[in-house]
Amino acid sequence: MSDFSSLEEVLGAIETKFNSALSASNDPSEFSKEIKKLDNLLKDLNSLIIEKQNEYTFSENEKERIKVILSLITKIEKINNNKLGFFDSLNKYFYDNINK
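Given the structure is predicted, the values throughout are model-derived calculations rather than measurements. (Residues numbered from 1 in each chain as written. Predicted model: local features only at pLDDT ≥ 70, side-chain atom pairs only at ≥ 80, totals over all residues. Heavy atoms only, no water.)

1. Some words on the overall build of the protein
Broken down by element type, the protein carries four helices and zero strands. Starting at the N terminus and walking to the C terminus, you meet the elements of the protein as α-α-α-α. The proportion of buried residues among the 100 residues of the protein is 41%. Across the protein, contacts joining residues at least 24 apart in sequence account for 76% of those joining residues at least 6 apart. Surface accessibility of the protein: about 6000 Å² in total, with carbon and sulfur atoms responsible for 46%. (Helix = DSSP H or I, 4+ residues; strand = E, 2+ residues; numbered from the N terminus. Buried < 20%, exposed > 50% of the residue type's maximum accessible area, 1.4 Å probe, protein only. Contact = heavy atoms within 4.5 Å. Areas by Shrake-Rupley, 256 points an atom, 1.4 Å probe, with all protein chains shown as cover.)

2. A few points about the nonpolar core
Buried together is how nonpolar side chains tend to be arranged in soluble globular proteins. Within the largest apolar cluster, 24 residues are counted, with the highest numbers of intra-cluster contacts made by Leu-7, Val-10, Ile-14, Phe-18, Leu-45 and Ile-76. Every element with two or more residues in this core is listed here: α1 (7-23), α2 (28-51) and α3 (60-80). (Core = buried A, V, L, I, M, F, W, Y, C linked by side-chain atoms within 4.5 Å.)

3. Things to note about α2
For α2, which comprises 24 residues, the first-to-last C-alpha distance of 35 Å matches the rise-based estimate of 34 Å (1.5 Å per residue) to within 8%. Among the residues making up α2, those that are buried are Phe-31, Glu-34, Ile-35, Leu-38, Leu-41, Leu-42, Asp-44, Leu-45, Leu-48 and Ile-49. (Expected span 1.5 Å × (residues − 1).)

4. Observations regarding α3
Between its first and last C-alpha, α3 extends 30 Å over 21 residues, near the 30 Å set by a 1.5 Å rise per residue. Residues Glu-62, Lys-63, Ile-66, Ile-69, Leu-70, Leu-72, Ile-73, Ile-76 and Glu-77 constitute the buried set of α3.

5. Points about the environment of Val-68
By the secondary structure assignment, Val-68 is in helix α3. Taking the C-alpha atoms as reference points, Val-68 and Leu-11, 57 residues apart in sequence, are found 9.8 Å from one another.

6. What to know about the side chain of Glu-62
Along the polypeptide, Glu-62 turns up in helix α3. The residues touching Glu-62, leaving out its near neighbours within four places in the chain, are Leu-7, Glu-8, Leu-11, Tyr-56 and Thr-57.

All we've got here are geometric facts, nothing functional implied.
What follows is the structure, encoded as structure tokens:
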């Protein structure tokens, strides 16, 4: 796991990496590299959530970042013309938790 001290830090890194993937969407090789980096960040996010035993209440700032990330997922799926299956459970988890 990378050295993220807070959930907001890892969410910020994920948002940044999604933006990098969008920027690289015209270059399939670079796009794939960015998606692979995202996978590692999602593992970090998962570790932080598990560490909090799924009882964590997201702050308003975290909820806003999550909404941005969900929007970026949709944009990438449209550009890619493909549903990114490994985001399905993340989408559900975020939707369930930002509406609390």
